[in-house]
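# Descriptive structure summary
Residue strings, one per chain:
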Amino acid sequence: MSYSDSSAPASVQPQPETAVFQHSAYAGIHDKVVVVTGGGSGIGLALAKGFARNGAHLLLIDINAQAMADAKGELQEAFPNSRVECFQASVADEDAVEAAFAHAKACFGRIDVLLNNAGVSINKPSLDISPAEWRRAVEINFNSVFFCAQAAARHMIEQQAGVIINTSSMWGVSHSADRTAYCATKAAVVSMTKCLAVEWARHGIRMNAIGPGYTRTPLVEELQRAGRLDVEALRKRTPLQRLGEPGEMAELALFLASSSATFITGQIYVSDGGWTANGF
Ligand SMILES: NC(=O)c1ccc[n+]([C@@H]2O[C@H](COP(=O)([O-])OP(=O)(O)OC[C@H]3O[C@@H](n4cnc5c(N)ncnc54)[C@H](O)[C@@H]3O)[C@@H](O)[C@H]2O)c1
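Residues numbered from 1 in each chain as written. Predicted model: local features only at pLDDT ≥ 70, side-chain atom pairs only at ≥ 80, totals over all residues. Heavy atoms only, no water.

An unreviewed UniProt entry lists the protein chain under the name SDR family oxidoreductase, from Pseudomonas veronii. Quoted verbatim from the Sequence similarities (unreviewed entry) field of UniProt, the annotation for the protein chain is "Belongs to the short-chain dehydrogenases/reductases (SDR) family." (UniProt positions renumbered as here; feature names shortened; annotations may be inferred.)

Laid out in structure tokens, this is it:
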């Protein structure tokens, strides 16, 4: 099947080669309760679709109520056997995060998987970053990942089982000028993933991170519109000569959450078309 994702913005197309892959079926996902942060758009929406396709039930958490309502409609139409609930919150607000996970527990009785995905881009010269912009990057890209992991783990420890997948970035394992806040917060997510994986393994919790390369989402489209990303140059620099698809990131997360990955914890998996391998 040729992959296409309606959440991908039309204006970032066309791709020189369209990604072609089969959606795989993943064991161990059916009937699981999955919390997806930033589930209203982009990679988060693709994660929600991928897990629903495999029979999971979802709680979406997003700051954008309209995006989440649209996502819920799309998911319920495509996957009527999956229950989809929504909770509007900023993941940077720890009280709202506690309330969101309590809501998930009240709705579903358990929390099996957390897809800790919400994040924002910050891509500008370091001397131009205001204190507010710096704090926003740290709060949304890093602090929120901890608050959500902690809230999920409190429930998972009761169950003595759970899977947490944090969305870092290829920029969490590589470095660039004009991206200090983004690279540093995403690298911090990698470090946190390893620390918490070690700490919570004894409770049956596995935690890994995914590191998307440039992926066709509204976030990338917004940067392109603002003149802060040259998508054609990115495509040319990528050995596979294209951007990633949100659904390709979902496939990676599905594998890591599945019963094929039960010995994998504390790792980051980068899906970037070869970008980070390409030194020159
Ligand atoms: N698109 C890429 O090229 C790319 C590459 C590497 C990593 N990532 C990471 O993937 C994740 C998703 O990115 P995307 O491209 O899908 O972005 P996106 O902007 O398309 O979607 C992000 C979603 O998160 C929500 N969100 C933002 N701030 C929030 C907050 N404070 N609380 C709750 N929800 C919030 C937004 O409303 C939106 O629905 C991010 O962590 C991003 O850093 C993206």
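### Some points on the UniProt feature "domain: Ketoreductase" (unreviewed entry) in the protein chain
Here, UniProt's "domain: Ketoreductase" (unreviewed entry) annotation points to residues 32-213. Secondary structure across residues 32-213 divides into 50% helix and 19% strand, with the first and last C-alpha atoms of the span separated by 28 Å. (Helix = DSSP H or I, 4+ residues; strand = E, 2+ residues; numbered from the N terminus.)

### Quick look at the site of the ligand
Neighbouring the ligand are 28 residues, the closest being Ile43, Asp62, Tyr182, Thr215 and Thr217. A distance of 2.6 Å separates an oxygen atom of the ligand from a polar atom in the side chain of Tyr182. In the environment of the ligand, an oxygen atom lies 2.8 Å from a nitrogen or oxygen atom belonging to the side chain of Lys186. Relative to its free-state accessible area of 830 Å², the ligand is covered by the protein chains to the extent of 92%. When each cavity is represented as a set of grid points, the ligand is found to reside in the largest pocket. Residue classes in the shell around the ligand are distributed as twelve nonpolar, 14 polar and two charged. (Near = heavy atom within 4 Å. Polar contact = N/O pair within 3.5 Å; in protein donor to acceptor, adjacent residues only side chain to side chain. Areas by Shrake-Rupley, 256 points an atom, 1.4 Å probe, with all protein chains shown as cover. 1 Å grid on protein atoms, 1.4 Å probe; cavity = no way out; pocket = protein on both sides within 12 Å on 5 of 7 lines; lining within 4 Å. Sits in = over half its atoms within 2 Å of the grid points. Nonpolar A, V, L, I, M, F, W, Y, C, P; charged D, E, K, R; others polar.)

### With respect to the sheet that holds strand β2 (residues 57-62)
Here seven strands make up an open sheet; going across it, the order is β3-β2-β1-β4-β5-β6-β7 and the pairing parallel. Edge positions in the open sheet fall to β3 (84-88) and β7 (268-271), since each of these has one partner strand only. Going across the sheet, the axis of each strand differs from the next one's by a mean of 15°, ignoring polarity. Sheet analysis places strand β1 (residues 33-37) next to strand β4 (residues 113-116), joined by three bridges and oriented parallel. (Pairing = 2+ DSSP bridges. Axes fitted to C-alpha atoms, helices over the stretch in contact; angles between N-to-C directions.)

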